[in-house]
Amino acid sequence: MDLNSIAKVGPLHGQTLNIEEVAGLEVGVMQRKLQENLPGNFFFWGKVFGSTQDYLVVFHLSPYDEFPEKKFYYCTSSDYTLRSMPFLTEEYEKTAKKIFTPFLGDPSFFAYNGEDPEPEDPEAPPVERFREVHRLAHNVNKIDHDCFIVPRGAISVDSSKKVVPNSNYQGLSFSTSTELRAYMHMRKPENLQGIALLKRPGIVKSDDFLDCIDKDEPKEIWAISHDNTASTVFVRNLYWEGYGFYAALKSPEYGSAYFGTGIPNHDIAFSL
């Protein structure tokens, strides 16, 4: 989502960025693009709340990838220098899944490794340990995989098999926007039909290859609503509370962002 459009998802969770955060991210993005000589654009992903300070997350999309691959960067609400999310080993992935306490807001915080850290030897080389930033990277990737969606028909495949925005997309109608089948996961397809379609020669229809959210279980994790004028649709994920998507009806405008604790709602079964 573009930084200028963040307020559009405000009605979903009553959260947005303040002027300082927006300005800090704009400067941080500019510095990162110059330092890494990055083509393409940066987009706002979301805000993960911490007990001492918050994490702001953005992502970069390269114009050269066949399927848009997000490269995530983060900063805190007290330091807007963007840093790349760390690579996660399989061991770190398993460790992150075990932690459900609130985020602190300190990327270097020694989060967990199953035992107390050994006393540091000043002459020994530094040992990489699981820190809160590793947990942040895991949860951001998980939320992005489970939640981030696009309207059906908004993404297409061009003649070179590159996944691109559909220039002919004109928006959803009101009746279509009320149905789960109108929304697709913006990730590489995981269903066998979608995978085969991307590999098959020839034209691929714009709504054929992505995974539809109506296949998610349980279906009740998705909630659809409209504004008072019935001109904008909002979609929320109830398992990852804080994810919000909006789309202007009969218009190509849409976007989404996450504002939450970064912790899944494990009690969702009792509220469905």
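Report on the accompanying structure. Every chain begins its residue count from 1, and numbering advances along the sequence as written. Reporting in this predicted model follows two pLDDT cut-offs: at least 70 for local features of residues, and 80 or more for side-chain atom pairs to be given and counted; totals over whole chains, interfaces and linings ignore these cut-offs and use all residues. By convention in this description, side-chain values take in all heavy atoms of the structure and omit both hydrogens and water.

### A look at the overall build of the protein
- Secondary structure elements are defined from DSSP: runs of H or I of at least 4 residues count as helices, runs of E of at least 2 residues count as strands, and each element is numbered from the N terminus. If you tally the helices and strands in the protein, you get 6 helices and 12 strands.
- To sort residues, take the accessible area from a 1.4 Å probe on protein chains only and compare it with the maximum for the residue type: under 20% means buried, over 50% means exposed, and anything in between is partly exposed. Buried positions account for 45% of the 272 residues belonging to the protein.

### Considering the environment of Gly244
- By the secondary structure assignment, Gly244 is in strand S11 (residues 243-248).
- We classify Gly244 as buried; its relative accessible area is 0%.
- Distance from Gly244 to Cys147, taken between C-alpha atoms, is 8.7 Å for residues 97 residues apart in sequence.

### Overview of the packing of aromatic side chains
- Two rings from Phe, Tyr or Trp (for Trp, the six-membered ring) form a pair when their centres are within 6.5 Å of each other. A pair whose planes differ by under 30 degrees is stacked, one over 60 is edge-to-face, and the rest are tilted. What the rule picks out here adds up to 16 aromatic pairs.
- Aromatic side chains Phe42 and Tyr73 sit 5.4 Å apart centroid to centroid with 55° between the ring planes, which places their arrangement in the tilted category. Within this pair, whereas Phe42 is found in strand S1 (residues 41-48), its partner Tyr73 is found in strand S3 (residues 70-76), the two being separated by 31 residues in sequence. In terms of burial, Phe42 and Tyr73 fall into one category: buried.
- Judged by centre distance (6.2 Å) and plane angle (35°), the ring pair of Phe245 and Tyr254 falls under tilted.
- In this structure Tyr254 comes out as partly exposed when scored by relative accessible area, which is 28%.
- Joined through ring pairs, the aromatic side chains of Phe43, Trp45, Phe59, Phe72, Phe148, Trp222, Tyr243 and Tyr258 make up one cluster.
- One residue, Lys70, lies across the ring of Phe59, its end atom 4.7 Å from the ring centre. Distance and angle both matter: a charge sits over a ring if NZ of Lys or CZ of Arg is within 6 Å of the ring centre and within 35 degrees of the ring normal.

### Here's the deal with the pattern of salt bridges
- Salt bridges are counted wherever a side-chain nitrogen of Lys or Arg sits within 4 Å of a carboxyl oxygen of Asp or Glu. One pass over the structure, following the stated rule, counts 14 salt bridges.
- Here Glu36 makes a salt bridge to Arg32, at a shortest N to O gap of 3.0 Å. With a gap of 4 residues between them, Glu36 and Arg32 both fall in helix H2 (residues 19-36), about one helical turn apart.
- When the shortest N-O distance is used, the salt bridge between Asp146 and Lys142 registers 3.6 Å. Pair noted here: Asp146 and Lys142 are both in helix H4 (residues 132-147), with a separation of 4 residues, about one helical turn.
- The class of Lys142 is partly exposed, set by a relative accessible area of 37%.

### Some points on the side chain of Ser177
- Within the secondary structure, Ser177 sits in helix H5 (residues 174-177).
- Residue contacts are counted whenever heavy atoms from the two residues lie within 4.5 Å of one another. Setting aside residues no more than four positions away along its own chain, Ser177 makes contact with Leu172, Tyr183, Ile224, His226, Val233 and Leu249.

### Some words on the side chain of Arg135
- Within the fold, Arg135 resides in helix H4.
- If we skip the residues at most four places from it in the chain, Arg135 touches Ala96, Ile99, Phe100, Thr101, Pro102, Phe103, Phe130 and Ile263.

### Details of the environment of Pro189
- If you trace the backbone, Pro189 turns up in the loop between strand S8 (183-185) and helix H6 (192-199).
- Residues Pro189 and Leu210, spaced 21 residues apart in sequence, show a C-alpha to C-alpha distance of 5.1 Å.
- Not counting chain neighbours up to four residues away, the residues in contact with Pro189 comprise Phe67, Gly194, Ile195, Leu198, Phe209 and Asp211.

### What to know about the sheet that holds S1
- At least two DSSP bridges between two strands are required for those strands to pair. Overall, mixed pairing links the 8 strands, which are arranged S4-S3-S2-S1-S12-S11-S10-S9 in an open sheet. In this open sheet, the two edge strands, each paired with only one partner strand, are strand S4 (79-84) and strand S9 (222-226). Between one strand axis and the next, the sheet turns by 25° as a mean value, whatever way the strands run.
- With 5 bridges connecting them, strand S10 (residues 232-237) and S11 associate as antiparallel partners. Counted as the bridge partner of Arg236 is Gly244 from S11.
- Angles here are taken between N-to-C directions and fall from 0 to 180 degrees, while the axes themselves are lines fitted to C-alpha atoms, restricted in helices to the stretch in contact. Relative to S4, H2 is tilted by about 40°, and along the sheet it contacts S1, strand S2 (55-61), S3 and S4.
- H4 rests against S1, S2, S3, S9, S10, S11 and strand S12 (254-260) of the sheet, and its axis sits at about 130° to S3.

### A word on H2
- To estimate the expected span of a helix, count its residues, drop one, and scale the result by 1.5 Å. Over its 18 residues, H2 extends 26 Å from the first C-alpha to the last, a length consistent with the 26 Å expected when each residue adds 1.5 Å.
- Among the residues of H2, Glu21, Val22, Gly24, Leu25, Gly28, Val29 and Arg32 are the ones counted as buried. The buried side chains of H2 occupy one side of the element, clustering within an arc of 160° when seen end-on. Those residues of H2 that are exposed and aimed more than 90 degrees away from the buried face are Ile19, Met30 and Leu34.
- Close packing links the buried residues of H2 with S1, S2, S3 and S4.
- Here H2 starts with a cap whose side-chain oxygen sits 3.1 Å from the backbone nitrogen of Glu20, and that cap is Asn18.
- In the segment just after H2, Asn37 is the residue with positive phi, at about 55°. What the arc describes is the spread of directions from the helix axis to the C-beta atoms. What qualifies as a polar contact is a pair of N or O atoms within 3.5 Å, subject to a donor-acceptor requirement within protein and to the restriction that residues adjacent in sequence count only when both atoms come from side chains.

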